[in-house]
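Descriptive structure summary
What follows is the residue order along each chain.
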Amino acid sequence: MILASGLCVDADVTAALSTRDTVNELCQAQMQCFLTIWSTLKCMVFQTGMAQNSEMLNPKHGRPTLLEEQCPLNCPNSSDFKDPCINLNVMPKTLDGQLTMEKTPSYFVTNEAPKRIHSMAKDIKLIVVVRNPVTRAISDYTQTLSKKPEIPTFEVLAFKNRTLGLIDASWSAIRIGIYALHLENWLQYFPLSQILFVSGERLIVDPAGEMAKVQDFLGLKRVVTEKHFYFNKTKGFPCLKKPEDSSAPRCLGKSKGRTHPRIDPDVIHRLRKFYKPFNMMFYQMTGQDFRWEQEEGDK
Ligand SMILES: Nc1ncnc2c1ncn2[C@@H]1O[C@H](COP(=O)(O)OS(=O)(=O)O)[C@@H](OP(=O)(O)O)[C@H]1O
């Protein structure tokens, strides 16, 4: 989907319409979304897919202690939320002075998740790490490519019809980055004050700054600070100086921070245009400008 510049979402317009209406109007105006986005709204739409925040948070530097557990809402052999599978028993017992964290990126884009999580814990705090959706799509593709080298190129997958400039919004790598639609789903159950949006870009250039926001949001003393991080030139990312369970510095694993394949700049340009109105809506909904339009590169 290519969006003409005149169709950028104006804040007043966005306020007057629900997100879905606004997106619908934009799509209709472009006549390029067809039913793709609308049919996917009923099931899954997007994910942010960034694990690094919880991995950085895991060290029990402070009090309350943070515990991390994966996937409490997933039933074994079931990922479609059909069964009533909320099972807090799989979570570790949370003692006084502890906070338990759970990290499953796909929940953000799973239609049933907000309702189910709300019925489990209405006052739960939610943290979402978001990055430029264009970079996110390329990162997503890079991950798939590492497992399935035979898949078509990013440029092929990104379009329904490249000549006509029709972006394939049904491709999960692209669909997931339409954050405004996912957020709309969550805001039907949780107030914005219960959700913290962490900038994936800031997390790389200023991990301590973003972690300060996380600690404040969780009501923790700021114990993770600049002194816990250093920039690892080989990795090209910040790493932890000394995790609690080891005396050695620790970077995130090989699957985090992979080199992305070169993508045709024209395709990147088209994707930026595609995402722009959705990003504007997301900024308005969150009250945060992630400045993705101002980025030069997409790595
Ligand atoms: N400190 C540090 N070290 C390494 N990587 C970092 C770091 N901070 C942020 N990032 C970015 O995190 C991206 C990987 O997160 P994922 O999206 O794969 O997480 S998840 O597994 O889907 O939850 C990964 O994306 P790619 O660069 O595409 O690999 C990184 O850009």
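Along each chain, residue indices are assigned from 1 in the same order as the chain's sequence is written. Under the rules for a predicted model, residues below a pLDDT of 70 receive no local features and side-chain atom pairs below 80 are neither given nor counted, while totals for whole chains, interfaces and linings still include all residues. Think of the side-chain values as coming from all heavy atoms in the structure, minus any hydrogens and water.

**Some thoughts on the confidence of the model for the chain**
- Averaged over every residue, the pLDDT of the chain is 74; the share at 70 or more is 67%.
- Confidence of the predictor at the level of single residues is captured by pLDDT, which takes values from 0 to 100. Every helix listed is a DSSP run of H or I at least four residues long, and every strand listed is a run of E at least two residues long, numbered separately from the N terminus. For the chain, helix 3 (residues 36-41) is the element with the lowest average pLDDT, namely 22, and helix 7 (residues 154-157) is the one with the highest, namely 98.
- Every residue pair with non-hydrogen atoms within 4.5 Å of one another is taken to be in contact. Confidence over residues 1-65 falls short of pLDDT 50; this stretch has 164 contacts with residues more than four positions distant or in other chains.
- Note on residues 68-86: pLDDT is under 50 here. Beyond four places in sequence and across chains, it has 45 contacts.
- Quick note on the complex model: pTM equals 0.76, ipTM equals 0.95.

**A few points about the pattern of salt bridges**
- Salt bridge, as used here: a side-chain nitrogen of Lys or Arg that lies within 4 Å of a carboxyl oxygen of Asp or Glu. Taken as a whole, this structure holds seven salt bridges when the rule is applied.
- Taking the shortest distance from any N to any O, the salt bridge between Asp 168 and Lys 160 comes out at 3.5 Å.
- Relative accessibility thresholds used throughout: buried, under 20% of the residue-type maximum; exposed, over 50%; partly exposed, between the two (1.4 Å probe, protein chains only). Note on Asp 168: relative accessible area 15%, which makes it buried.
- Note on Lys 160: relative accessible area 41%, which makes it partly exposed.
- Residue Asp 264 is joined to Arg 162 by a salt bridge in which the shortest nitrogen-to-oxygen separation is 2.6 Å. Residue Asp 264 is found in the loop between strand 8 (237-240) and helix 12 (265-286), and its partner Arg 162 is found in the loop between strand 4 (159-161) and strand 5 (166-167); the two are separated by 102 residues along the sequence.
- On the basis of relative accessibility, which here comes to 24%, the residue Asp 264 falls in the partly exposed class.
- A residue is classified by how much of its surface remains accessible, and Arg 162, at 35% relative accessible area, is partly exposed.

**Focus on unusual backbone geometry**
- The residue Arg 291 is not glycine, and still its phi comes out positive at about 60 degrees.
- By secondary structure assignment, the location of Arg 291 is in the segment after helix 12.

**As for the nonpolar core**
- Side-chain atoms within 4.5 Å are what join buried Ala, Val, Leu, Ile, Met, Phe, Trp, Tyr and Cys residues into a set we call a nonpolar core. Among the nonpolar cores identified, the biggest contains 44 residues, and Phe 154, Ile 174, Leu 183, Trp 186, Leu 271, Phe 274 and Phe 282 are the most heavily contacted of them.
- The set of elements that each furnish at least two residues to this core consists of helix 5 (113-120), strand 3 (126-130), helix 6 (133-147), helix 8 (172-175), helix 9 (179-187), strand 6 (195-199) and helix 12.
- It is helix 12 that contributes the most residues to this core, 10 residues altogether.
- Once residues lying within four places of it in the same chain are set aside, the contact partners of Phe 154 are Ala 137, Ile 138, Tyr 141, Trp 171, Ile 263, Val 267 and Leu 271.

**Side note on the UniProt feature "binding site: 3'-phosphoadenylyl sulfate" (unreviewed entry) in the chain**
- UniProt annotation of "binding site: 3'-phosphoadenylyl sulfate" (unreviewed entry) refers to Arg 131, Ser 139, Lys 256, Gly 257, Arg 258, Thr 259 and His 260 when read in the numbering used here.
- Position of Thr 259 among the secondary structure elements: in the loop between strand 8 and helix 12.
- Accessibility expressed as a relative area gives 70% for Thr 259, which makes it exposed.
- By the element assignment, His 260 lies in the loop between strand 8 and helix 12.
- Residue classification places His 260 among the buried residues on the basis of a relative accessible area of 15%. UniProt positions are given in the numbering used here, feature names are shortened, and annotations may be inferred rather than shown by experiment.

**Side note on the side chain of Asp 168**
- With respect to the helices and strands, the residue Asp 168 is situated in the loop between strand 5 and helix 8.
- One polar contact links Asp 168 to Ser 170, side chain to side chain, over a distance of 2.5 Å. Residues adjacent in sequence count toward polar contacts only when both atoms are side-chain atoms; beyond that, a polar contact is any pair of N or O atoms within 3.5 Å, and within protein one must be able to donate a hydrogen and the other to accept it.

**Section: the packing of helix 6 against helix 12**
- At a minimum axis distance of 9 Å, the contact between helix 6 and helix 12 shows a crossing angle of 125 degrees. Between helix 6 and helix 12, the crossing angle belongs to the class labelled oblique. Together, Pro 133, Val 134 and Ile 138 of helix 6 and Ile 268, Leu 271, Arg 272, Tyr 275 and Asn 279 of helix 12 make up the contact between the two elements.
- Among the residues making up the contact of helix 6 with helix 12, the classes are represented as six nonpolar, one polar and one charged. Convention adopted: a line fitted to C-alpha atoms gives each axis, helices being fitted over their contacting stretch, and angles between N-to-C directions are expressed from 0 to 180 degrees. An angle below 35 degrees is treated as roughly parallel, one above 145 as roughly antiparallel, one from 65 to 115 as roughly perpendicular, and anything else as oblique. For this classification, the nonpolar set comprises Ala, Val, Leu, Ile, Met, Phe, Trp, Tyr, Cys and Pro, the charged set comprises Asp, Glu, Lys and Arg, and every other residue, Gly included, is treated as polar.

**Some remarks on the packing of helix 9 against helix 12**
- Where helix 9 meets helix 12, the axes come as close as 8 Å, and the angle between the chain directions of the two elements is 35 degrees. Where helix 9 approaches helix 12, its residues Tyr 179, Ala 180, Leu 183, Glu 184 and Leu 187 are matched on the opposing element by Phe 278, Met 281, Phe 282, Met 285 and Thr 286.

**Focus on the pairing of strand 8**
- Summarising the sheet, strand 7 (residues 229-232) and strand 8 pair through four bridges and their orientation is antiparallel. Counted as the bridge partner of Phe 231 is Pro 238 from strand 8.
- A loop of four residues connects strand 7 with strand 8, the two strands running antiparallel in sequence, and Gly 236 in this loop sits at a positive phi of about 80 degrees. By this definition, two strands are paired if DSSP reports at least two bridges between them.

**Focus on the environment of Ala 212**
- When you line up the elements, Ala 212 lands in helix 11 (residues 207-217).
- You can call Ala 212 buried: its relative accessible area is 12%.

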